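Structural features, examined
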Amino acid sequence: MYQCGWKLLLLGAVASVYSTSALGTTYNLKDNPECTLEEAVEAITWQKAVGACEAGTGNDRILLVQNKTYELTEQLVLGGGTKTVEEEAESEDEDAEPEFVEVEKPIRNITLRIETAAEPGQRNEDRETATIKAATNDRVFWVHGSNTLSLEHIRLEGGNVTKKPLVVEWTQHAQPTSSEGDKPTYTYSLNRFSQAPFGGVAFVEGTLTTRTHVEIEGGKARKGGAIYLNGVEAN
C-alpha cells in the first residue's frame, strides 16, 4: 500500500524578518549561477567549498531565482557531514608535552534557510516562488537529526520513493547471563536510517519550518506520501 502526497499551500500570517547579522554564508544563485543548488547544500552540510560554492558555516541561506524550476538528479541531504579536528591525546604522564591527534567529528546543528531572492525595489511579501523538483525516483530533501531546514516562497515537487530499500543501522547490546554456559542474548537499538521508502517530498529527522508561502505537492511513498517525520517536528 502506498501513500500519495497532495498539494498543500502554506501562507505565513506576516512577512518574515531575517537578520543578516545572524547569517553565515549566503548563496545567491541568481548572482552566482556557477554555484548550483546541489553544491550549495553539500557545501553547507560538509562546511567546505564545493565547486563554485564556498564553505558553509552552519547558519546559512540559499537564495533562488523567482519562477525558476530546479530539477534535481538526487535528493538534497542536510546534515550527516563530518569534519577533521585536532584533539589532545590522553597521557598518563602529566609532565609530558601535549600531543594532538586528528579525529573525525560529526557536524551538527546546521540551520539552513532557502528562499527566493527579491528583485530591486520588490517587497519580500511580493516575491514569486521557485520550484525544487525531485528526481523521478527520489525525494527533494533528507534532513538529518539536530539540523533545521526553513523554507520561504518555495514550492517542493515530490517524487516516488516506494522502490527505495529500507536500510537501518543498529547497535547490538549483549545482555548479562544468569549462569556460566548460558547462551548470550542481545538487544538492539536503532542508530539511524541509511535509506528508507518513506517521505516522497521530504524525510525529516531534524526540524522542518515553513514560513511565508510554501507549496508542497506530490510525492509517493510507503509511508508519509509527502513528508515523513521520524520522531521530530514540523512548524
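You'll find the structure just up there.
This section reports on the structure supplied with the text. All of these numbers come straight from a predicted model, not from anything done at the bench.

Re the overall build of the chain
Within the chain, the regular secondary structure consists of 1 helix and 21 strands. Taken across its 235 residues, the chain has 40% of its residues classed as buried. Counted over contacts in the chain with a minimum sequence separation of 6, partners at least 24 positions apart contribute 74%. Here the chain has roughly 13,200 Å² of accessible surface; of this, 47% comes from carbon and sulfur atoms.

Regarding helix 1 (residues 37-46)
Listed as buried for helix 1 are L37, A40, V41, A43, I44 and T45. Against strand 3 (26-28), strand 4 (59-64), strand 5 (69-71), strand 6 (76-78), strand 9 (111-116) and strand 10 (130-133) lie the buried residues of helix 1. Q47, located one to two residues past helix 1, shows a positive phi value of around 50 degrees.

Things to note about the pattern of salt bridges
Counted under the stated rule, the structure contains 13 salt bridges. As a salt-bridge pair, E119 and K30 come within 2.7 Å of each other at their nearest N and O atoms. Placement of E119 in the loop between strand 9 and strand 10 and of K30 in the loop between strand 3 and helix 1 is noted, with a sequence separation of 89 residues between them. Taking the shortest distance from any N to any O, the salt bridge between E125 and R123 comes out at 3.5 Å. Taken together, the shared-partner salt bridges connect R61, R113, E115, R127, E152 and R211 into one network.

Some thoughts on unusual backbone geometry
Backbone geometry places H153, a non-glycine residue, at a positive phi of 55 degrees. Of the residues examined, H153 reaches a relative accessible area of 2% and is grouped as buried.

Digging into the packing of aromatic side chains
Overall, the coordinates contain 3 aromatic pairs when judged by the stated rule. Summarising the aromatic geometry, the rings of F198 and Y228 are spaced 4.9 Å apart at their centres and angled 35 degrees between planes, so their arrangement reads as tilted. Taken together, the positions of F198 in the loop between strand 15 (185-195) and strand 16 (202-204) and Y228 in strand 20 (residues 227-229) put the pair 30 residues apart, joining distant regions of the chain. Like F198, the residue Y228 is buried in the burial classification. Through a chain of ring-to-ring contacts, three or more aromatic side chains come together here, namely W142, F198, F203 and Y228. The aromatic ring of F198 is capped on one face by K223, whose charged end is 5.7 Å from the ring centroid.

Calculation rules
Residues numbered from 1 in each chain as written. Predicted model: local features only at pLDDT ≥ 70, side-chain atom pairs only at ≥ 80, totals over all residues. Heavy atoms only, no water. Helix = DSSP H or I, 4+ residues; strand = E, 2+ residues; numbered from the N terminus. Buried < 20%, exposed > 50% of the residue type's maximum accessible area, 1.4 Å probe, protein only. Contact = heavy atoms within 4.5 Å. Areas by Shrake-Rupley, 256 points an atom, 1.4 Å probe, with all protein chains shown as cover. Salt bridge = Lys/Arg side-chain N within 4 Å of Asp/Glu carboxyl O. Phe/Tyr/Trp six-rings, centres within 6.5 Å; stacked < 30°, edge-to-face > 60°. Lys NZ or Arg CZ within 6 Å of the ring centre and 35° of its normal.

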